[in-house]
Amino acid sequence: AVRAGAWHLTESPFSPEDLSLQLDVFIAAKREAERYRDAAFLDPFTGLYTPPGIQHRAVELAALASRAHEPLACVVFSPATAARARDAVLDAIARALRDLGRRSDAIGSLGDGQYAVVAPSTPAQGATLLAERFAGGVEEDLRTHLRAGFDVATTVDKPVLVAPQLIDHARRAVAESAAGNGKQW
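Now for a look at the structure at hand.

Moving on, we get to the environment of Thr-155. Counting through the fold element by element, Thr-155 comes out in the loop between strand E4 (146–153) and helix H6 (159–178). Take Thr-155: its relative accessible area is 61%, and that puts it in the exposed class. With 93 residues separating them in the primary sequence, Thr-155 and Ala-62 have C-alpha atoms 9.4 Å apart.

If you want it as structure tokens, here you go:
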């Protein structure tokens, strides 16, 4: 059994005290594994997901959306500004996302100065409202330097495929808005 992957064998009759001690070891190992996962998936400075973390959480939310037969939206925010104001815009975006995010949303960095919000149970109209709500949380003088793009999956049939596509399509929508179509999103 140990060669097949079992951590421990218990003989019958077993001692409740021995079982309790063994469970303590298993729980400690699980907590340690969770600490390592959190270190890889959460940015300690912003409290938001890291790029691998947001991708992982997006797949989890896509699976939930699939089971619930609900839409899943992704809104990507990006600064559209020169390097001198870029840091201020990025800080403002991160602050607004942290302060205004719903508990059900997955919010994190995609790298390259982009942030994503993966929002379950959110149709296209809700994604637009979400972008406007977060933009409203950014200081007014920096808001003109903010771009957003979104995509919505109305049905999620293959969560592992849909989640990355959703993020990719939202990133492309940001690029289109930055290309000068006259809209911020």
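Next up on the list: the sheet that holds strand E3 (residues 114–120). Note: strands within a sheet are paired through backbone hydrogen bonds, in either parallel or antiparallel orientation. Strand order in this open sheet of four strands is E2-E3-E1-E4, and the pairing throughout is antiparallel. What marks the edges here is a single partner per strand, and that holds for strand E2 (106–111) and E4. Averaged over all neighbouring strand pairs, the angle between strand axes comes to 20°, with direction disregarded. As defined by bridge partners, E2 adjoins E3 across five bridges and the pair is classed as antiparallel. Within E3, the residue paired with Gly-111 across the bridge is Gln-114.

Here Gln-114 lies in strand E3. With a relative accessible area of 12%, Gln-114 lands in the buried category.

As enumerated under the stated definition, the model contains one aromatic pair in all. Ring plane angle 75° and centroid distance 5.7 Å describe the contact between Phe-77 and Phe-134, whose orientation is recorded as edge-to-face. Of this pair, Phe-77 sits in strand E1 (residues 72–79) while Phe-134 sits in helix H4 (residues 124–136); the two residues are 57 residues apart in sequence, bridging distant segments of the chain. Phe-134 matches Phe-77 in its accessibility class, with the two residues each being buried. Stacked on the ring of Phe-134, the Lys or Arg Arg-133 has its end atom at 4.9 Å from the ring centre.

This paragraph deals with the pairing of E1. Of all eight residues in E1, eight are buried; the element is thus mostly enclosed. Side-chain alternation along E1 places Leu-72, Cys-74, Val-76 and Ser-78 on one buried face and Ala-73, Val-75, Phe-77 and Pro-79 on a second face that is also buried. Relative to E3, E1 is paired through six bridges, and the arrangement is antiparallel. Each residue of the ladder has a partner; that of Leu-72, found in E3, is Pro-120. Taken together, the eight bridges between E1 and E4 define a ladder with antiparallel strand orientation. Directly across from Pro-79, in E4, lies its bridge partner Leu-146.

Below, the discussion takes up the pattern of salt bridges. With the rule as written, the count across this model stands at five salt bridges. Notably, a salt bridge pairs Arg-57 with Glu-60, separated by 2.9 Å at the nearest N-O pair. Placement of the pair is Arg-57 and Glu-60 together in helix H2 (residues 51–68), with a separation of three residues, close to one helical turn. Its relative accessible area of 23% is what places Arg-57 among the partly exposed residues. Residues Asp-168 and Arg-172 are paired through a salt bridge, measuring 2.6 Å at the closest nitrogen-oxygen approach. One end of the pair is Asp-168 and the other is Arg-172, both in helix H6 and four residues apart, which spans about a single turn. Judged by its relative accessible area of 35%, Asp-168 falls in the partly exposed class.

Within the fold, His-145 resides in the loop between helix H5 (140–143) and E4. Residue His-145 is classed as partly exposed on the basis of its relative accessible area of 25%. Separated by 66 residues in sequence, His-145 and Pro-79 place their C-alpha atoms 5.6 Å apart.

About the cut-offs
- Residues numbered from 1 in each chain as written.
- Predicted model: local features only at pLDDT ≥ 70, side-chain atom pairs only at ≥ 80, totals over all residues.
- Heavy atoms only, no water.
- Helix = DSSP H or I, 4+ residues; strand = E, 2+ residues; numbered from the N terminus.
- Buried < 20%, exposed > 50% of the residue type's maximum accessible area, 1.4 Å probe, protein only.
- Pairing = 2+ DSSP bridges.
- Axes fitted to C-alpha atoms, helices over the stretch in contact; angles between N-to-C directions.
- Phe/Tyr/Trp six-rings, centres within 6.5 Å; stacked < 30°, edge-to-face > 60°.
- Lys NZ or Arg CZ within 6 Å of the ring centre and 35° of its normal.
- Salt bridge = Lys/Arg side-chain N within 4 Å of Asp/Glu carboxyl O.

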